[in-house]
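Structure at a glance
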Amino acid sequence: MTDGIQAKESVSRPEGDERVKRVAGVRRAMVRPELGAICGAIAVFVYFFFAAGNTGMFSLEGVMNWGTVSAQFAIIAVGACLLMIAGEFDLSVGSMIGFAGIMIALLSVHYSFPMWLAILSAFAIAVAIGALNGYVVVKTKLPSFIVTLASLFILRGLTIYLSIATTRQTIIGGVREVGEGDWLAPVFGGKILKGLFAWLAEAGIIATYTGGTRAGQPVVDGIPMLMVWALLLIIFGHILLTRTQFGNWIFASGGDAQAARNVGVPVNRVKILMFMFTAFCATVFAACQVMEFGSAAADRGLLKEFEAIIAVVIGGALLTGGYGSVIGAALGALVFGVVQQGLFFAGVESSLFRVFLGIILLLAVVLNTYIRRLITGER
Amino acid sequence: MADTPLIELIGIEKHFGSVIALAGVSLSVLPGECHCLLGDNGAGKSTFIKVMSGVHQPTRGEIRVNGREVGFSSPRDAMNMGIATVYQDLAMIPLMSVTRNFWMGREPTKRFGPLKFFDFEKANAVTMSEMRRMGIQLREPDQAVGTLSGGERQTVAIARAVYFGAKVLILDEPTSALGVRQTSNVLATIDRVRKGGVGIVFITHNVRHAMAVGDRFTVLNRGKTLGTAKRGEISTEELQDMMAGGAELAALEGSLGGTV
């Protein structure tokens, strides 16, 4: 009994633990979840600078080309990233893109809704389905992998059925005509800074068409709203995750749901909201695509869920949740877009795209695992 | 120590269908006291803490907080009355920083126009100073909890509960997975917290750990209290005997040379 008391009192409390090494500021700034994605992005840019530097890949037009593709990936990656950090997956993102697109086209073209109402309805329905996904996952306690795999098939089948049952085809066109003059359509299909680009073209700073019906007009006539949405969603996602109370709940829900519940974090609400946000992002993607193409197709968005997850994983997120970064996911999307379009510029056989992607994914995951161990002390 | 108990449980029974998990357990915790709850595996310790922390509602019996009879319908209820539980594995999230863990569920916010942001400045400052008070030197507040040792993690969890106004702290086997040095760190933390007037329920099946900090000892065996003893009234051997139910252990002890 007395030995116990002595043990307690003899506990030494070193001031400034001698075993904690001083960490240099530079290293501290370097070791962060996005490091793998930053390295990946630099590597990819360096490679294509040498492989395709003279092909126009880095001209304004080229940048717009891969920038648009990267923005597409980024939009769905932000949603997938927050959801994955909250500890869940959504495999129905691709199907949701097809579904939301068909909804917009069907409601506006076939049922003659005004475009803004069609878009808002599609958002409402998609987000409701996202909430249902989340509700089923939370209530049944089944892995979201399985639940959303079911949604993947249900939504895709439903999309094709609805499209064929109402219009007898799987592609619905004529959306652009209906959207003419609508106030909400340009928010997804329009371009901004047109004046600036026209001025730059006039001043001879950027390229203009030299022939055809659009001679004299700038080749790049504005920033597509797709990119604006991507940027806004990245900023929103990053601030939400790192700077707010809710962001802390997202980390906590994915890190250890039970520990989070013990201190009163509304884990179920967080997870359901993240499913809804993922569906929202998928609908933004769909709306931009439908407005740009002027049509919707029932098979749009195929495999997008995996591309989103790959971008998120390249960005340093942990597949089991509780760890990750929106900036990392955005960089992952950038790597994805640059590789996909860059191989085209470099004249590399396009079938090698997947080989490249697989290698990048593997390297990124190895590097990220190492970085994560440094930061979190995982063993 | 003559005050009214912070919490008092009288004749608690808990039945799960036909299984009687608790068959009349009584325990009280005074301010500044460390009350050790001892019992072997399956004695009903876990069920009892769950009753105390509001997870389970007792089938029979009375719970009094500050002398007033109460009923907890949820862990939140218990928490609001100042009864906090630190679970062995389920307290901290290793992937998150110390600050994020410390404030989890009660994040301080500051307004910026219509928007509310996590007030990291305040959160980090409080976390650092609370950790220092507990004798833990953090390298930085955004250090991940995973980089801390097991004992330090328990200490963070205890510091968190105390900072957020715990009057009674229920510690569920805080030392069972720790090494010698880590254990003494946690015991030192318990001692420090107790001196601040917080009542502690220290659940353990290690008599030596209990003896090191306990003021009173209650032994549970097969869902019943075998009695409560004050420090000095009972020896390590007697406690050990009560926990294991006497006879068999006495035989074992012979062959092990009294080391259990």
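Worth saying up front: this structure is predicted, and the values here are computed from it rather than measured. All chains use their own residue numbering, which begins from 1 and follows the written sequence. Naming scheme: in the order in which they are written, chains are lettered from A and ligands are numbered from 1. Per-residue local features are limited, in this predicted model, to residues with pLDDT of at least 70; the limit for side-chain atom pairs, both in listing and counting, is 80 or more; totals at the level of whole chains, interfaces and linings are taken over all residues.

1. Digging into the overall build of chain B
The helix and strand labels rest on DSSP assignments: H or I over at least four residues marks a helix, E over at least two residues marks a strand, and numbering proceeds from the N terminus. Along its length, chain B carries nine helices and twelve strands. For chain B, whose C-alpha radius of gyration is 19 Å, the value lies close to the compact-globule estimate of 18 Å for 260 residues. Whether two residues are in contact depends on their C-beta atoms, placed from the backbone: they are in contact if these lie within 7 Å. Put simply, of all contacts in chain B between residues at least 6 apart along the chain, 68% involve residues at least 24 apart. C-alpha atoms define the radius of gyration in this analysis, and the globule rule sets the expected value at 2.2 Å times the number of residues to the power 0.38.

2. Points about the sheet that holds strand S1 (residues 7–16) of chain B
Residue and element names in this part refer to chain B. A pair of strands counts as paired when DSSP detects no fewer than two bridges linking them. Strand order across the open sheet formed by four strands is S2-S1-S4-S5, with antiparallel pairing between neighbours. Of all strands in the sheet, those with a lone pairing partner are strand S2 (19–29) and strand S5 (68–70), marking the two edges. If you compare each strand with its neighbour and ignore which way they point, the axes differ by 30° on average. When strand S4 (residues 60–65) meets S5, the two strands line up antiparallel, connected through three bridges. In the strand pairing of S5, Arg64 is matched with Glu69. Taken strand by strand, helix H1 (residues 45–52) contacts S1 and S2, and its axis lies near 120° from that of S1. In this description, a line fitted to the C-alpha atoms serves as the axis of each element, helices being fitted only across the stretch in contact, and the angle between N-to-C directions of two axes falls anywhere from 0 to 180 degrees.

3. A closer look at the nonpolar core
Think of a nonpolar core as buried Ala, Val, Leu, Ile, Met, Phe, Trp, Tyr and Cys residues chained together by C-beta atoms that fall within 7 Å. Residue burial here comes from a neighbour count, namely the number of other C-beta atoms, placed from the backbone, that lie within 10 Å of the residue's own C-beta, with 20 or more meaning buried, 12 or fewer meaning exposed, and in between meaning partly exposed. Membership of the largest hydrophobic core comes to 193 residues, with the highest contact counts inside it found for Ala77 and Ile104 of chain A together with Leu169 of chain B. Among the elements that take part in this core, helix H14 (residues 267–293) of chain A stands out by supplying 19 residues, more than any other. Non-local contacts of Ala77 of chain A, meaning those with residues more than four positions away in its chain, are made with Ala308, Ala311, Val312, Ala329, Ala330, Gly332 and Ala333 of chain A.

4. Considering the environment of Pro58 of chain B
By the secondary structure assignment, Pro58 of chain B is in the loop between H1 and S4. Separated by 113 residues in sequence, Pro58 of chain B and Leu171 of chain B place their C-alpha atoms 20 Å apart.

5. Focus: the packing of helix H5 (residues 93–110) of chain A against H14 of chain A
All names here are of chain A. Across the interface, H5 lies against H14 with an axial gap of 8 Å and an inter-helix angle of 50°. Judged by the inter-axis angle, H5 sits oblique to H14. As H5 runs across H14, the sense of the crossing is right-handed. For the pair H5 and H14, the contacting residues are Val93, Met96, Ile97, Ala100, Gly101, Ile104 and Ala105 in the first and Thr278, Ala279, Ala282, Thr283, Phe285, Ala286, Ala287, Gln289 and Val290 in the second. Classifying every residue of the contact of H5 with H14 by side-chain character gives twelve nonpolar, four polar and no charged. Each angle gets one of four labels, with under 35 degrees taken as roughly parallel, over 145 as roughly antiparallel, 65 to 115 as roughly perpendicular, and the rest as oblique. Handedness of a crossing is defined here by the sense of rotation of the near helix relative to the far one, left-handed for an anticlockwise turn of less than a right angle and right-handed for a clockwise turn. Residues are grouped as follows: nonpolar covers Ala, Val, Leu, Ile, Met, Phe, Trp, Tyr, Cys and Pro; charged covers Asp, Glu, Lys and Arg; every other residue, Gly included, is treated as polar.

6. Observations regarding the packing of H5 of chain A against helix H15 (residues 304–314) of chain A
Residue and element names in this part refer to chain A. The contact between H5 and H15 brings their axes to 6 Å, and the two run at 130°. By the criterion of interaxial angle, the relationship of H5 to H15 is oblique. The residues of H15 that touch H5, namely those facing Val93, Gly94 and Ile97, are Lys304, Glu305 and Ala308. Its residues placed into classes, the contact of H5 with H15 shows three nonpolar, one polar and two charged.

7. Considerations on H1 of chain B
Most of H1 of chain B sits inside the fold, with seven of its eight residues counted as buried. All of the buried residues along H1 of chain B are Lys45, Thr47, Phe48, Ile49, Lys50, Val51 and Met52 of chain B.

8. Remarks on the sheet that holds strand S3 (residues 34–39) of chain B
All names here are of chain B. Within the open sheet, the six strands sit side by side as S6-S9-S10-S3-S11-S12. Their pairing is mixed. For this open sheet the edge positions go to strand S6 (83–86) and strand S12 (224–230), each flanked by a neighbour on one side alone. In this sheet, adjacent strand axes meet at a mean angle of 20° when their direction is disregarded. Packed onto the sheet, H1 meets S3, S6, strand S9 (168–172), strand S10 (199–204) and strand S11 (216–221) and runs at close to 155° relative to S9. Lying over the sheet, helix H8 (residues 236–244) contacts S3, S11 and S12, oriented at roughly 25° with respect to S11.

9. Things to note about the pairing of S2 of chain B
Residues and elements named next belong to chain B. Bridging between S1 and S2 involves eight bridges; their strand directions are antiparallel. The residue of S2 that forms the bridge with His15 is Ile20. Between S1 and S2, which pair antiparallel in sequence order, lie two residues; one of them, Gly17, sits at a positive phi of approximately 60°.

10. Some words on the confidence of the model for chain B
For chain B, the mean per-residue pLDDT works out to 84, and 93% of the residues sit at or above 70. At the level of chain-chain contacts, confidence expressed as ipTM amounts to 0.82, with global pTM at 0.86. A residue's pLDDT is the predictor's confidence in that residue, given on a scale from 0 to 100.

11. Quick word on unusual backbone geometry
Of note in the backbone geometry, Arg168 of chain A takes a positive phi value of approximately 60° without being a glycine. Tracing the chain through its elements places Arg168 of chain A in the loop between helix H7 (144–167) and strand S1 (171–172). Accessibility expressed as a C-beta count within 10 Å gives 7 for Arg168 of chain A, which makes it exposed. With a phi angle near 50°, Arg222 of chain B is a residue other than glycine that sits in the positive phi range.

12. Considerations on the confidence of the model for chain A
Residues of chain A with pLDDT of at least 70 account for 92%, and the chain-wide mean is 87. Scored below 50 in pLDDT, residues 1–17 of chain A makes 21 contacts in the model with residues more than four places away or belonging to other chains.

13. With respect to the pairing of S1 of chain B
Note on strand geometry: in a regular strand, side chains alternate between the two faces of the sheet. Of the strand pairs in this sheet, S1 of chain B and S4 of chain B are connected by five bridges, and their pairing is antiparallel. Within S4 of chain B, the residue paired with Ile7 of chain B across the bridge is Val65 of chain B.

14. Quick notes on the environment of Ser295 of chain A
Residue and element names in this part refer to chain A. Here Ser295 shows up in the loop between H14 and strand S4 (296–297). Between the alpha carbons of Ser295 and Ala51 there is a distance of 35 Å; along the sequence they are 244 residues apart. Those residues in contact with Ser295 that lie beyond four places of it in its chain are Ala105, Ile171, Ile172, Gly173 and Val175.

15. Some thoughts on the environment of Glu307 of chain A
As for its placement among the helices and strands, Glu307 of chain A is situated in helix H15. Those residues within four positions of Glu307 of chain A in sequence are excluded, and the remaining contacts are Phe73 and Phe336 of chain A.

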